[in-house]
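The primary structure of each chain is shown beneath.
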Amino acid sequence: MNTPITDGPVVVAYAPDKFGRAALDHGVALARRDGVPLIIVNDTRGDAYVDKRFAGDEELATLERELSADGLTVSVRHDLVQDVAEAVVAVADAEAASLVVVGVRRRTAVGKALLGSVAQRVILDARCPVLAVKPD
Amino acid sequence: MDLLLDGFATALTPENLLFATLGVLLGTAVGVLPGIGPAMALALLLPVTYSVGPDSAIIMFAGIYYGGMYGGSTTSILLNTPGESSSVITAIEGNKMAKAGRAAQALATAAIGSFVAGTIATVLLWVLVPRVADIVVQLGAPSYFAIMLLAFFAVTMVLGSSKLRGFISLFLGLAIAMIGTQTGQARLTFDQPLLADGIDIVVVAVAIFAIGEALWVAAHLRRKPLEIIPVGQPWMSRSDWRRSWKPWLRGTAYGFPFGALPAGGAEVPTFLSYATEKKLSKHPEEFGKGAIEGVAGPEAANNASAAGTLLPLLTLGLPTTATAAVMLSAFEGYGIQPGPQLLDAEPGLVWGLLASLVIANALLLLINLPMAPLWAKLLRVPRPQLYAGILFFACLGAYTVNFQAFDLGLLLALGLLGLAMRRFALPVLPLIVAVILGPRLELQLTEALTISQGDVSTLWSEPVAIIVYALMALLAFVMGVGALRRRATETIIASRATESESDVEHESDVEQKESHR
């Protein structure tokens, strides 16, 4: 895997499912290896009563606590935003991130026709390298 | 009995079964979604009455009404957000149960309790509707006038937190009802020929329920998503059954009479049922932490009250909830006058409806018990898409009334009124009841005065009318005393504590919920 060129933080686009988990695992490993901070982004548009990709406050607090226990600098972004992909890219820009990690999921033909993809837009729009990971 | 069997024959035709199924599915869906209720669904579906027979349409509407009561509990339990105002109480214990890992049992006791209550209440309707209709058929115009006044008074004064807001809403409704030339002279038409026939009830109902709600949601589009509690197949253990069946029956006993009263609605009986179960429970320590009795009782009460509402609707033509009010306008759309003559004039329709209620109840149990987790998925629909669909159907519905673009302008104007009412926490129910009952109130008054040749004293010439007026005076007196007493205690509390400002915010929250009724 590429060594990040700058020493900016690693940004992980997280969701409480296996795709977000895979992204997080890779992001944590890379941040530890390079000794850079980790930023976990878990945003939502907040336009439905329930968003299954929006993690609970408690879950994120536990994650933050566990990961920072052994010296990793972790911060969490857990906000209501206009557009999730845009928000991930904006965090990466603002923090001069060295790398963005996203989980990519299989999409059906109908899904592609109807829905956009956060991962795809992050990959295309980010100004730093993006690592796309799949769950095992 | 023969009539009831005929009713089942009507309700069991493939076509009507299809409409009943459609009704309960739609009803559950709108019940699950907070902010969208059976009243809005019925308002949006009123144009259906142009192309579908009266029995099918009414059977579907009843299915939606019952379905809404079932669906509301799912959201209350899993999300702690009542899908319906009638499920507010369910959320108290239901969500606690879900958080303690007993969501499946809470959903099961809600669904089975609703079924039990709905079935008992429907049987009560079979017994009571013909008997009550026999009694009320003897009432004259003065008594009718008095009973309608009582209904206005009750929906305005008894429900809702603020009497002033209730009356503002009532008079707004009466003003809208006055528009037109039905009485021979033009009132509030502003020389506008398109207003000569008055504003169609479809336009008013769709605007207030659908457009008002959509604009309100658009103003609060982004909110932090709520944490939903995952749940499997609803089921109950033996001890859950043992603890549930008595609350079901007591809830039914509260719900039916309150639904049948002119000041009906499901809020009061669900609250009373909750308070009773809390008092009678053998596990009082569990209340506040997820007691199954606190779900079983109120859920039975709200379904029984939905059935109870049909008693005054079918016998007196008197709606006691917003949903019943819209149903009444559906009857009128067919040129059917609900009232004492309804049972004689349209026995097939009434008994078909009464029979279909049992079928709707059974269907609801079938689709709700195994599929509750599936219904909860509806909550993931993004609001922009959902409300875009509602706005589309709202405009379509309003336009098809007269095929006049003018009606769309009215729709928007009244929709803004609906938004303002939500913003200022005005209850919707008095307005919609006033719009629908206003013209009929006037009709009864004119009829009474014509018979008496203008002598006003005819209005209190019938014993029933006198009793009703006495009841209203008593109600006003009790509430006046209550308000004074509350004000007195408030003054004392206020002088003791000055840091109670957080209460104010809470109160406005409650009012907002109520305005969604």
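The rules behind the values
Residues numbered from 1 in each chain as written. Chains lettered and ligands numbered in written order. Predicted model: local features only at pLDDT ≥ 70, side-chain atom pairs only at ≥ 80, totals over all residues. Helix = DSSP H or I, 4+ residues; strand = E, 2+ residues; numbered from the N terminus. Contact = placed C-beta atoms within 7 Å. Rg over C-alpha atoms; globule rule 2.2 N^0.38 Å. Buried ≥ 20, exposed ≤ 12 C-beta atoms within 10 Å, placed from the backbone. Pairing = 2+ DSSP bridges. Right-handed = clockwise from strand over helix to strand, strands pointing away. Expected span 1.5 Å × (residues − 1). Nonpolar A, V, L, I, M, F, W, Y, C, P; charged D, E, K, R; others polar. Core = buried A, V, L, I, M, F, W, Y, C linked by C-beta atoms within 7 Å. Axes fitted to C-alpha atoms, helices over the stretch in contact; angles between N-to-C directions. Parallel < 35°, antiparallel > 145°, perpendicular 65-115°, else oblique. Left-handed = near helix turned anticlockwise from the far one by under 90°.

> Honestly, the overall build of chain B in this entry has me stumped. Any pointers?
Broken down by element type, chain B carries 21 helices and 0 strands. Its C-alpha atoms give chain B principal-axis dimensions of about 65 × 65 × 50 Å. Put simply, 80% of the contacts in chain B that link residues at least 6 apart link residues at least 24 apart.

> Can you help me understand the overall build of chain A in this one?
Check the secondary structure of chain A and you find 5 helices and 5 strands. Its helices and strands taken in sequence order, chain A reads β-α-β-α-β-α-β-α-α-β from the N to the C terminus. In terms of C-alpha radius of gyration, chain A reaches 14 Å, essentially the compact-globule figure of 14 Å for 136 residues. Each of the three principal axes of chain A carries a C-alpha extent, and together these read 40 × 30 × 30 Å. The buried share of chain A, taken over its 136 residues, is 38%. Pairs at least 24 residues apart make up 76% of the contacts formed inside chain A by residues separated by at least 6 positions.

> Would you explain the pairing of strand β3 (residues 74–77) of chain A in this entry?
Two faces belong to every sheet, and in a regular strand the side chains alternate between them. All names here are of chain A. In the sheet, strand β2 (residues 38–41) pairs with β3 via 4 bridges, with the strands oriented parallel. Its bridge partner being in β3, valine 41 is matched across the sheet by arginine 77. Viewed along the sheet, the connection from β2 through helix α2 (residues 57–68) into β3 turns out right-handed.

> Would you take a moment to explain helix α5 (residues 88–99) of chain B for this structure?
One turn of an α-helix holds 3.6 residues; hence residues three or four places apart share an orientation. Residues and elements named next belong to chain B. When the terminal C-alpha atoms of α5 are compared, their 17 Å separation across 12 residues agrees well with the 16 Å that a helix rising 1.5 Å per residue should span. Taken across its 12 residues, α5 has 11 buried, putting it largely inside the fold. When α5 is considered as a whole, its buried residues turn out to be Val88, Ile89, Thr90, Ala91, Ile92, Glu93, Gly94, Asn95, Lys96, Met97 and Ala98. Positive backbone phi, approximately 85°, marks glycine 101, located one or two places after α5.

> Could you clarify how one ought to interpret the interface of chain B and chain A in this entry?
Many analyses report the size of an interface as the accessible area lost when the parts associate. Listed per partner, the contact involves 17 residues of chain B and 12 residues of chain A. Tallied by class, the residues present in the side of chain B that touches chain A amount to 10 nonpolar, 1 polar and 6 charged.

> Looking at this structure, how should I read the nonpolar core?
Soluble globular proteins tend to pack their nonpolar side chains together in the buried interior. Ranked by size, the top nonpolar core spans 163 residues in total, and within it B:Ala43, B:Val203, B:Ala205, B:Val206 and B:Ile432 carry the most contacts. At 17 residues, helix α6 (residues 103–136) of chain B tops the list of elements feeding residues into this core. B:Ile432 has contacts with B:Gly173, B:Ala205, B:Ile208, B:Ala322 and B:Ala325, leaving out every residue within four places of it along the chain. Membership of the second largest hydrophobic core comes to 37 residues, among which are A:Val10, A:Phe19, A:Val36 and A:Val84.

> Help me out: how do you make sense of unusual backbone geometry in this one?
As a rule of thumb, non-glycine residues mostly have phi less than zero, and peptide bonds are mostly trans rather than cis. Residue and element names in this part refer to chain B. One non-glycine residue with positive phi stands out, namely phenylalanine 190, at about 55°. Among the structural elements, phenylalanine 190 can be located in the loop between α8 (163–178) and α9 (201–219). The exposure class assigned to phenylalanine 190 is exposed, which follows from the 7 C-beta atoms found within 10 Å. Even without being glycine, aspartate 191 reaches a positive phi, approximately 55°.

> Help me understand the packing of helix α10 (residues 238–260) of chain B against helix α11 (residues 267–280) of chain B, please; the structure alone is not making it clear to me.
A pair of packed helices can be characterised by two numbers: the angle between their axes and the separation between those axes. All names here are of chain B. Running from N to C, α10 and α11 point in directions that differ by 150°, and their axes come no closer than 9 Å. Between α10 and α11, the crossing angle belongs to the class labelled roughly antiparallel. Seen along the crossing, α10 lies across α11 with a hand that is right-handed. Of α11, the residues touching α10 (which contributes Pro247, Arg250, Gly251, Tyr254, Gly255 and Phe258) are Val268, Pro269, Leu272, Ser273, Thr276 and Glu277. In terms of residue class, the contact of α10 with α11 is made up of 6 nonpolar, 4 polar and 2 charged.

> Which parts of the structure should I look at to understand the packing of helix α2 (residues 14–32) of chain B against helix α3 (residues 38–45) of chain B?
Residue and element names in this part refer to chain B. Orientation of α2 relative to α3, taken along the N-to-C sense of each, is 130°, at an axis distance of 9 Å. Overall, the two elements α2 and α3 adopt an arrangement that is oblique. Helix-helix and strand crossings are classified by hand; for α2 and α3 the assignment is right-handed. Counting all contacts with α2, which are made through Leu26, Gly27, Val30 and Gly31, the residues of α3 involved are Pro38, Met40 and Ala41. For the contact of α2 with α3, the per-class residue count stands at 5 nonpolar, 2 polar and no charged.

> In this structure, what is going on with the pairing of strand β1 (residues 10–13) of chain A? I would like to understand it.
All names here are of chain A. Of the two faces of β1, the one lined by Val10 and Val12 and the one lined by Val11 and Ala13 are each fully buried. In this view, the connection linking β1 to its parallel neighbour β2 by way of helix α1 (residues 18–34) has right-handed handedness. In terms of strand pairing, β1 meets strand β4 (residues 99–103) through 3 bridges, oriented parallel. Residue pairing for β4: valine 12 is matched across the bridge by valine 101.

> Where do I start with the sheet that holds β1(A) in this structure?
Paired through backbone hydrogen bonds, the strands of a sheet run either parallel or antiparallel to each other. Residues and elements named next belong to chain A. The strand order β3-β2-β1-β4-β5 describes an open sheet built from 5 strands, whose pairing is parallel. Looking at strand neighbours, the two that pair on one side only are β3 and β5 (130–133), the edges of this open sheet. Ignoring strand direction, the axes of neighbouring strands in this sheet form an average angle of 20°. Seen against the sheet, helix α5 (residues 118–125) touches β1, β4 and β5 and runs at an angle of roughly 160° to β4.

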